[in-house]
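Per-entry structural report
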Amino acid sequence: MSFKTAAFALLSLLVSSITFADQMGPNGDKFYEEAAHFENACQQEPCKAPYAKQLVYDQSSKFTKISAQTRDALKKVAVDQAQIWGDTILEGDYYSSGRTRLDQVIGFYKDNQLVGYKIQYSEKAWYTGNCDFNGKRESLKNCQEGRIVEGSYVSPDTQTYFSDEERYAEFSFAEK
């Protein structure tokens, strides 16, 4: 095997092992298209017909209109989506707790039929760019605390999901 062939094979293996948390299930292309239509129709309140949205879960106010089974399935998606952070935002000056929280769920509808969910999830995190963080958790005490927050779209069967292109992971400082 030539050096060029071996190098190409190694490069292909590395590229194929890059983590992508998004998942396309059955009818994933159709769901992706519906999510785009929803985003466009709901840029202003109220949404343009035939689309509508409704808050169906809010962790901070303990509000829920979804079943425990649906909430658990959406939490699994959130945890899976947050795994990409190791190759994105956590490559920078941030450290996270690794415990993903499902913060909010908005159901989106077309002609009163559930089309999918827009979820927001987060993890407790610290900005380590201006403190003496040495890689050990106890050295975080002088670092600024906040949360890494991201959003994703999820199909009703949770088989298709993808990051909200308008809300990739970002760090938000904690309120004092």
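Refer to the structure printed above.
Summarised in this report is the structure supplied together with it. (Residues numbered from 1 in each chain as written. Predicted model: local features only at pLDDT ≥ 70, side-chain atom pairs only at ≥ 80, totals over all residues. Heavy atoms only, no water.)

A word on the overall build of the protein chain. Along the backbone of the protein chain there are three helices and eight strands. Listed N to C, the secondary structure of the protein chain is α-α-β-β-α-β-β-β-β-β-β in terms of helices and strands. For the protein chain, the residues scored as buried account for 35% of the 176 residues in total. Pairs at least 24 apart in sequence give 63% of the contacts found in the protein chain among residues at least 6 apart. (Helix = DSSP H or I, 4+ residues; strand = E, 2+ residues; numbered from the N terminus. Buried < 20%, exposed > 50% of the residue type's maximum accessible area, 1.4 Å probe, protein only. Contact = heavy atoms within 4.5 Å.)

A full pass over the atoms with the stated rule returns two disulfides. Here C42 engages in a disulfide with C47; their sulfurs sit 1.9 Å apart. Judged by the sign of its S-S torsion, about 115 degrees, the bond between C42 and C47 is right-handed. For the pair C42 and C47, a shared accessibility class is recorded, and that class is buried. (Disulfide = S-S within 2.5 Å.)

It is worth spelling out the nonpolar core at this point. Counting 21 residues, the largest nonpolar core has L74, W85, L102, V105, Y117, I119 and V154 as the members making the most contacts within it. Contributions of two or more residues to this core are made by strand 1 (51–58), helix 3 (68–82), strand 4 (101–110), strand 5 (113–127) and strand 6 (144–154). Formed by 11 residues, the second largest nonpolar core is a distinct cluster that contains C47, Y51, V115 and F162. (Core = buried A, V, L, I, M, F, W, Y, C linked by side-chain atoms within 4.5 Å.)

Right, let's get into the pattern of salt bridges. Close approach of charged atoms allows side chains with opposite charge to pair. As enumerated under the stated definition, the model contains seven salt bridges in all. With its nearest N and O atoms 3.5 Å apart, the salt bridge here joins K118 to D164. Placement of the pair is K118 in strand 5 and D164 in the loop between strand 7 (161–163) and strand 8 (170–173), with a sequence separation of 46 residues. The class for K118 is partly exposed, based on a relative accessible area of 22%. One salt-bridge network, in which partners are shared between bridges, spans E39, K118 and D164. (Salt bridge = Lys/Arg side-chain N within 4 Å of Asp/Glu carboxyl O.)

Let us now look at the environment of D103. Considering the arrangement of structural elements, one finds D103 in strand 4. Spatially, the C-alpha atom of D103 lies 9.7 Å from that of E123, the residues being 20 residues apart in sequence. Dropping the residues within four chain positions of it, D103 is found in contact with Y57, D58, Q59, Q120, Y121 and S122. Of the polar contacts made by the side chain of D103, one reaches the side chain of S122; its length is 2.7 Å. (Polar contact = N/O pair within 3.5 Å; in protein donor to acceptor, adjacent residues only side chain to side chain.)

In this model, helix 3 (15 residues) spans 21 Å end to end at C-alpha, consistent with the 21 Å of a helix rising 1.5 Å per residue. Listing the buried residues of helix 3 in full gives L74, V77, A78, Q81 and A82. On an axial view of helix 3, the arc spanned by its buried residues comes to 135 degrees, and they lie on one face. Facing away from the buried surface of helix 3 by more than 90 degrees, the exposed residues are Q69 and K76. Looking at the buried positions of helix 3, the neighbouring elements they touch are strand 4, strand 5, strand 6 and strand 7. (Expected span 1.5 Å × (residues − 1). Arc of directions from axis to C-beta.)

Function cannot be inferred from these measures alone, as they are strictly geometric.
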